[in-house]
Amino acid sequence: MHRAQRVFLVVNAVPLAVGVLLSCASELAVVPVDGRLTLGLVWGILQLGFFIATTWWYENQATRVCDPLEQSLASGMSQTGASGASPADESWR
């Protein structure tokens, strides 16, 4: 399991656990926050937004790890070295 996967799972497990506790304690979930908004509803909306943000972060990390251009820039190779072209092939262009 890659580091990004572990971070994604741990970061999303905490809000999920709190959501499960809120669903088990129904008297806590119905505490009014603002007008008709309850603590359970606000927590659900925040958890969904947090999940979307961490999914975007994870996809960004996974793409960066798999992208050959990013790997070549990170390792210090030139773009021609990353594409597989030899320096001799560049002379005719």
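None of the values given here were measured: they were computed from a predicted structure.

1. Section: a nonpolar patch on the surface
- On the surface, a nonpolar cluster with roughly 550 Å² of combined accessible area is contributed by Leu28, Val31, Val33, Leu37, Leu39, Leu41 and Ile45.
- For the nonpolar patch, the element with the highest residue contribution is helix H3 (residues 39-66), accounting for three residues.
- Overall, Leu28 belongs to the partly exposed group, its relative accessible area being 42%.

2. Examining the side chain of Asn12
- Turning to its location among the elements, Asn12 is positioned in helix H1 (residues 3-24).
- Asn12 gets classed as buried once you look at its relative accessible area, which sits at 14%.
- Not counting residues up to four positions away in its chain, the partners in contact with Asn12 are Phe50, Phe51 and Thr54.

Thresholds, definitions, all that
- Residues numbered from 1 in each chain as written.
- Predicted model: local features only at pLDDT ≥ 70, side-chain atom pairs only at ≥ 80, totals over all residues.
- Heavy atoms only, no water.
- Patch = residues over 30% accessible without salt bridge, like charges linked within 9 Å, V, L, I, M, F, W, Y side chains within 5 Å.
- Areas by Shrake-Rupley, 256 points an atom, 1.4 Å probe, with all protein chains shown as cover.
- Salt bridge = Lys/Arg side-chain N within 4 Å of Asp/Glu carboxyl O.
- Helix = DSSP H or I, 4+ residues; strand = E, 2+ residues; numbered from the N terminus.
- Buried < 20%, exposed > 50% of the residue type's maximum accessible area, 1.4 Å probe, protein only.
- Contact = heavy atoms within 4.5 Å.

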